[in-house]
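# Inside the fold
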Amino acid sequence: MRRTASSLPERQANHSGKASPKHRTFAVFARRLIILAVIASLLAAGWFALLRAGKSMVDEQELAPFLAAGAASDGHAAGHAEESLMTVRIDDMPDYVWQAFVAIEDHRFFRHPGVDIRSLARSVWVNAIANETVQGGSTITMQLARNVFLTQDKTLVRKLKEMAIALYLERTYTKEQLLTMYLNAIYFGHGQYGIEAAADYYFGKTANGHDPHKTVMRLSEAALLAGMLKAPEHYSPLKDWNRSKERQSVVLERLERLGMITEEEKLAAMQEKIELTRK
């Protein structure tokens, strides 16, 4: 039989040993799928390892005083205070008080599991560009972990411990409990720990909206306190009033941008006169 010229390329292709484009595409897809499965398995293993490690580093008795309403039993929670620790639950605070802290410290607090990968990635990028630590990327839960159980050392090991504890805390407590503990544990400068102690120390007021004996602090004052957390002594209104007011404006702008307050409320708070009990 005579071979036609048109049949030669087809026969040569069939015996050349080369895979068809369809087969090559499937092979690439299969390899990528296997790689993704391996990465996912490693990430899952690392996640559970962090959870297990976090549990081993948490003494829940140290957290209990920050959840109690009123005065803590011994006043020595986490070694922070020599006097009784006054605590307030967020249910007893006006919304603008706890919202000021969430807005400036961790606006995705109610949506992440204790570690905000997006925030961490952004901080790594910003710090790499600046060639110094400009952003920390710590969530409110991570800050709680650091303030109660860890030191303030800026090391990778401490950051990993912070993440591990935060993941465990998120699986153990509600968001409301975590925020309550955080606000009752954080440092406000001049030896003051907790939102209630700070409200009393700076303004002679309370963070408890149900306290019949004291005036509850206003939005302007809550924003001033929230602005201090970045560096409490540096932004203290007792040390530099103008610098403290600049941070207050940042907090109020963030609150408005997140839809937590209106523009009118923001402007009123910016213009409101604040009386400090100490000069």
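Going by the structure above, here's the rest.
Counting restarts for each chain: residues are numbered from 1 in the order of the written sequence. Predicted model: local features are reported for residues with pLDDT of at least 70 only, side-chain atom pairs are reported and counted for 80 or more only, and whole-chain, interface and lining totals are derived from all residues. Only hydrogens and water are set aside; all other atoms, that is, all heavy atoms of the structure, feed into the side-chain values.

### Remarks on the overall build of the chain
In plain terms, the rule: Comment: elements are numbered from the N terminus, with helices defined as DSSP H or I runs of at least four residues and strands as E runs of at least two. Think of it in three bands: residues with accessible area under 20% of the maximum for their type are buried, residues over 50% are exposed, and the middle band is partly exposed, with areas taken using a 1.4 Å probe on protein chains only. Only the protein chains shown count as cover for residues, and all accessible areas are computed by the Shrake-Rupley method using a 1.4 Å probe.
Helix and strand counts for the chain stand at 12 helices and 2 strands. The buried share among the 279 residues of the chain stands at 42%. Accessible surface computed for the chain: about 16100 Å², of which carbon and sulfur atoms make up 55%.

### Some points on helix H4 (residues 95–105)
Filter applied, for reference: Pairs of residues are marked as contacts when any of their non-hydrogen atoms sit within 4.5 Å.
Burial runs high along H4: 8 of the 11 residues are buried. Within H4, the full set of buried residues consists of Val97, Trp98, Gln99, Ala100, Phe101, Val102, Ala103 and Ile104. Buried-residue contacts for H4 involve helix H6 (140–149), helix H8 (175–185), helix H9 (195–203), helix H10 (219–228) and helix H11 (241–257).

### Remarks on unusual backbone geometry
Phi is positive for His190, which is not a glycine, with a value near 55 degrees. Following the sequence through the fold, His190 ends up in the loop between H8 and H9.

### A word on the pattern of salt bridges
Note the threshold: We define a salt bridge as a contact between a side-chain nitrogen of Lys or Arg and a carboxyl oxygen of Asp or Glu at a distance within 4 Å.
In this structure the tally under the stated criterion is 14 salt bridges. For Glu253, the salt bridge goes to Lys266, with nearest N and O atoms at 3.4 Å. Of the two residues, Glu253 is situated in helix H11 and Lys266 in helix H12 (residues 263–271); the sequence distance between them amounts to 13 residues. For Glu253, a relative accessible area of 32% gives the class partly exposed. With relative accessibility at 7%, the residue Lys266 sits in the buried group. Connected via shared salt-bridge partners are Arg146, Arg158, Lys159 and Glu162.

### Things to note about the environment of Glu263
For Glu263, the location among the structural elements is in helix H12. As for Glu263 and Glu253, which are separated by 10 residues in sequence, their C-alpha atoms are 8.7 Å apart.

### Some points on the nonpolar core
Formally: As used in this record, nonpolar core signifies buried Ala, Val, Leu, Ile, Met, Phe, Trp, Tyr and Cys residues forming a set joined through side-chain atoms within 4.5 Å.
In terms of nonpolar packing, the biggest core is built from 57 residues, with Phe101, Leu169, Leu183, Ile195 and Leu225 touching the most fellow members. Contributing elements (two or more residues each) for this core: helix H3 (60–67), H4, H6, helix H7 (156–172), H8, H9, H10 and H11. Among all residues touching Leu169, those that are not within four sequence positions of it are Val58, Leu63, Thr141, Leu144, Ala145 and Leu178. Ranked by size, the runner-up nonpolar core spans 6 residues in total, among them Val115, Leu120, Ala166 and Leu167.

### Here's the deal with the environment of Leu160
If you trace the backbone, Leu160 turns up in helix H7. Leu160 sits in the partly exposed class, given a relative accessible area of 40%.

### Examining the side chain of Gln143
Counting through the fold element by element, Gln143 comes out in helix H6. With residues near it in sequence (within four places) discarded, Gln143 still touches Glu105, Ser138 and Tyr182.

### Some details on the packing of aromatic side chains
The condition is simple: Geometry of aromatic contacts follows a simple scheme: Phe, Tyr and Trp rings, the Trp one being its six-membered ring, pair when their centres are within 6.5 Å, and the pair is stacked under 30 degrees between planes, edge-to-face over 60, tilted otherwise.
Taken as a whole and assessed by the stated rule, the structure comprises 6 aromatic pairs. On the basis of an interplanar angle of 70 degrees and a centroid distance of 5.9 Å, the ring pair of Trp98 and Phe110 is categorised as edge-to-face. Of the two residues, Trp98 sits in helix H4 while Phe110 sits in the loop between H4 and helix H5 (117–130), which places them 12 residues apart along the sequence. Relative accessible area serves as the criterion here: at 15%, Trp98 is assigned to the buried category. Both rings, one in Tyr187 and one in Tyr193, keep their centres 4.8 Å apart while their planes meet at 45 degrees; by these two values the pair is tilted. According to the relative accessible area criterion, Tyr187 is partly exposed, its value standing at 27%. A relative accessible area of 24% means that Tyr193 is categorised as partly exposed. A connected cluster of aromatic rings, assembled from ring pairs, spans Trp98, Phe109 and Phe110.

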